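Take a look at the letters that make up each chain.
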Amino acid sequence: MALLRLVNPSCFRLLNSFRYFIKQDFRESVSVECRVSLRKICTSPCVHSKQPEDMDNTMTDEPIKYSTSSARGHSSYDTFFIERGAPWYQMYLVLGSTSVFLLYFLALREENDLDEEIGKSLFERISGLEEQDLKAKISNAKAMGLDSKVYEKRLMEIQSKQ
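Residues numbered from 1 in each chain as written. Predicted model: local features only at pLDDT ≥ 70, side-chain atom pairs only at ≥ 80, totals over all residues. Heavy atoms only, no water.

Moving on to the pattern of salt bridges. What the rule picks out here adds up to eight salt bridges. Linked through salt bridges whose partners overlap, the residues forming this network are Glu117, Lys120 and Arg125. (Salt bridge = Lys/Arg side-chain N within 4 Å of Asp/Glu carboxyl O.)

Taking 1.5 Å of rise per residue, 16 residues should cover 22 Å, and helix H8 (residues 129-144) covers 23 Å from first to last C-alpha, within 8% of that figure. When H8 is considered as a whole, its buried residues turn out to be Glu131, Leu134, Ile138 and Ala141. Seen end-on, H8 carries its buried residues on one side only, within an arc spanning 90°. Those residues of H8 that are exposed and aimed more than 90 degrees away from the buried face are Gln132, Ala143 and Met144. (Helix = DSSP H or I, 4+ residues; strand = E, 2+ residues; numbered from the N terminus. Expected span 1.5 Å × (residues − 1). Buried < 20%, exposed > 50% of the residue type's maximum accessible area, 1.4 Å probe, protein only. Arc of directions from axis to C-beta.)

Moving on to the side chain of Glu131. Within the secondary structure, Glu131 is located in helix H8. The exposure class of Glu131 is buried, given its relative accessible area of 15%. Discounting residues that sit within four places of it in the chain, Glu131 has contacts with Leu155, Gln159 and Gln162. (Contact = heavy atoms within 4.5 Å.)

This paragraph deals with the packing of aromatic side chains. The tally for this structure, following the rule as stated, stands at three aromatic pairs. Ring centres of Phe101 and Phe105 lie 4.7 Å apart, and the angle between their planes is 50°; on these two criteria the pair is classed as tilted. With Phe101 and Phe105 both in helix H5 (residues 90-108) and four residues apart, the pair spans about one turn of that helix. For the pair Tyr104 and Phe105, a centre-to-centre distance of 4.9 Å together with 85° between the ring planes defines the contact as edge-to-face. Residue class for Phe105 comes out partly exposed when judged on its relative accessible area of 39%. Feature note: the residues Phe101, Tyr104 and Phe105 constitute an aromatic cluster, connected by ring pairs. (Phe/Tyr/Trp six-rings, centres within 6.5 Å; stacked < 30°, edge-to-face > 60°.)

Within the element layout of this structure, Thr68 appears in the loop between helix H3 (24-41) and helix H4 (76-80). A relative accessible area of 60% means that Thr68 is categorised as exposed.

Another aspect to go through is the packing of H8 against helix H9 (residues 149-161). At a minimum axis distance of 9 Å, the contact between H8 and H9 shows a crossing angle of 155°. With respect to each other, H8 and H9 are oriented roughly antiparallel. The way H8 lies across H9 gives a crossing that is left-handed. Mapping the contact onto sequence places Glu130, Glu131, Leu134, Lys135, Lys137, Ile138 and Lys142 in H8 and Tyr151, Glu152, Arg154, Leu155, Ile158 and Gln159 in H9. Partitioned by chemical class, the residues of the contact of H8 with H9 number five nonpolar, one polar and seven charged. (Axes fitted to C-alpha atoms, helices over the stretch in contact; angles between N-to-C directions. Parallel < 35°, antiparallel > 145°, perpendicular 65-115°, else oblique. Left-handed = near helix turned anticlockwise from the far one by under 90°. Nonpolar A, V, L, I, M, F, W, Y, C, P; charged D, E, K, R; others polar.)

In structure tokens, the structure reads:
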């Protein structure tokens, strides 16, 4: 356990907080796995205000003073705006490529069979669906006391075509 405290203090604190749930013999076998898994998760170097040797084994419920913690020196700008080392012209290349793509697919390209199929309504695809829908709308309108003449007129048109 002392080796774990020297290598990764956050892993030691994690195991220490679960000391009532983890049996003593299981804790020793988990310590190595925890050390490896936390190294994979951590994406930035950890900064500790205390050295691992100075940390005590107990967790306290006392609040941490912001003015004395290392969080005081952290800038929120560094959290949200990270320099990635991208070339200065990358934004213009992405903007140009997207513009050409949209120009071709929205303006220059001719419609094909698939575009015409997508443009059809659901009532044109499934026969009898509009008739059933109109009957349901008429019964709902009558139950609510609303005018259903528009629905009845459309239903007559559909029935006369058949």
